[in-house]
Amino acid sequence: MPKKNIPLLERLRTRFLRMRHKEHFDQEVIAARTECGAAMCSIGHTLDLCGYKMRVNPNPEIPGFLDFDFIKPSGRLLRNDLHYEAQKLLGLSFGESCRLFTDYSIKTPKQAAARITNLIEEG
C-alpha cells in the first residue's frame, strides 16, 4: 500500500474549497479549453499543483477531454497514463484513485474536497 501524500492531498482540497470559478472544475475532462482558460478534473489539478505545465494540444485525440498536453517539471512530455501519474503523486492505491478521479457523480469542487477529506481520514 503506498504512503499517502497528505500535504499534497490537503493542498488539493484547499484549492477546491477556495475555487472561485466553478467552471475551472469538471470531473469528466482532464483538461479542456473553456472561455476562462481550462476546466480540469482532479487529475489535472493534481498535476498542476505539482508543477506540471500545460500546453495547448493542437490535435487532441479526444477534443474537449484533453485539449492540453502536460509537461513534467523535468521538461518531458507526459504522454500516457495521467491517472497513474496523479495517483503516484498523491500516494493513493488504485482503488482510492478511482474513487477520486473516476467518480463522475462529483460535480463541484466542494464535493471533490469532501472526497479528499474522506481519503485523508481513512489514513
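The structure we're discussing is the one just above.
This section reports on the structure supplied with the text. Nothing here was measured: the structure is a model prediction, and the numbers come from that model. (Residues numbered from 1 in each chain as written. Predicted model: local features only at pLDDT ≥ 70, side-chain atom pairs only at ≥ 80, totals over all residues. Heavy atoms only, no water.)

**Side note on the packing of helix α1 (residues 6-18) against helix α5 (residues 109-121)**
Phase 1: At a minimum axis distance of 8 Å, the contact between α1 and α5 shows a crossing angle of 160 degrees. Viewed along their axes, α1 and α5 adopt a mutual orientation that is roughly antiparallel. Of the two possible hands of crossing, α1 and α5 adopt the one that is left-handed. Within the contact between the two elements, α1 uses Ile6, Leu9, Glu10, Leu12, Arg13, Phe16 and Leu17 and α5 uses Pro109, Ala112, Ala113, Ile116, Thr117 and Ile120.
Phase 2: Broken down by class, the residue content of the contact of α1 with α5 amounts to 10 nonpolar, 1 polar and 2 charged. (Axes fitted to C-alpha atoms, helices over the stretch in contact; angles between N-to-C directions. Helix = DSSP H or I, 4+ residues; strand = E, 2+ residues; numbered from the N terminus. Parallel < 35°, antiparallel > 145°, perpendicular 65-115°, else oblique. Left-handed = near helix turned anticlockwise from the far one by under 90°. Contact = heavy atoms within 4.5 Å. Nonpolar A, V, L, I, M, F, W, Y, C, P; charged D, E, K, R; others polar.)

**Here's the deal with the environment of Thr102**
Phase 1: Relative to the elements of secondary structure, Thr102 occurs in the loop between α4 (94-101) and α5.
Phase 2: Residues Thr102 and Leu12, 90 residues apart in the sequence, show an inter-C-alpha distance of 16 Å.
Phase 3: Once residues within four sequence positions are removed from consideration, Thr102 is found in contact with Gln27, His83 and Ser97.
Phase 4: Within polar-contact distance, the side chain of Thr102 engages the backbone oxygen of Cys98 at 2.8 Å. (Polar contact = N/O pair within 3.5 Å; in protein donor to acceptor, adjacent residues only side chain to side chain.)

**Points about the environment of Leu92**
Phase 1: Within the fold, Leu92 resides in the loop between α3 (82-90) and α4.
Phase 2: Judged by its relative accessible area of 1%, Leu92 falls in the buried class.
Phase 3: Distance in space between the C-alpha atoms of Leu92 and Pro2 is 6.1 Å, their sequence separation being 90 residues. (Buried < 20%, exposed > 50% of the residue type's maximum accessible area, 1.4 Å probe, protein only.)

**What about the nonpolar core?**
Phase 1: Grouped together as the largest cluster of nonpolar side chains are 30 residues, with contacts concentrated most on Phe16, Ile43, Phe70, Leu90 and Leu100.
Phase 2: For this core, the secondary structure elements donating two or more residues are α1, β2 (37-40), α2 (42-49), β4 (68-71), α3, α4 and α5.
Phase 3: Residues in contact with Ile43, not counting those within four places in the same chain, are Ile30, Leu82, His83, Ala86 and Phe101. (Core = buried A, V, L, I, M, F, W, Y, C linked by side-chain atoms within 4.5 Å.)

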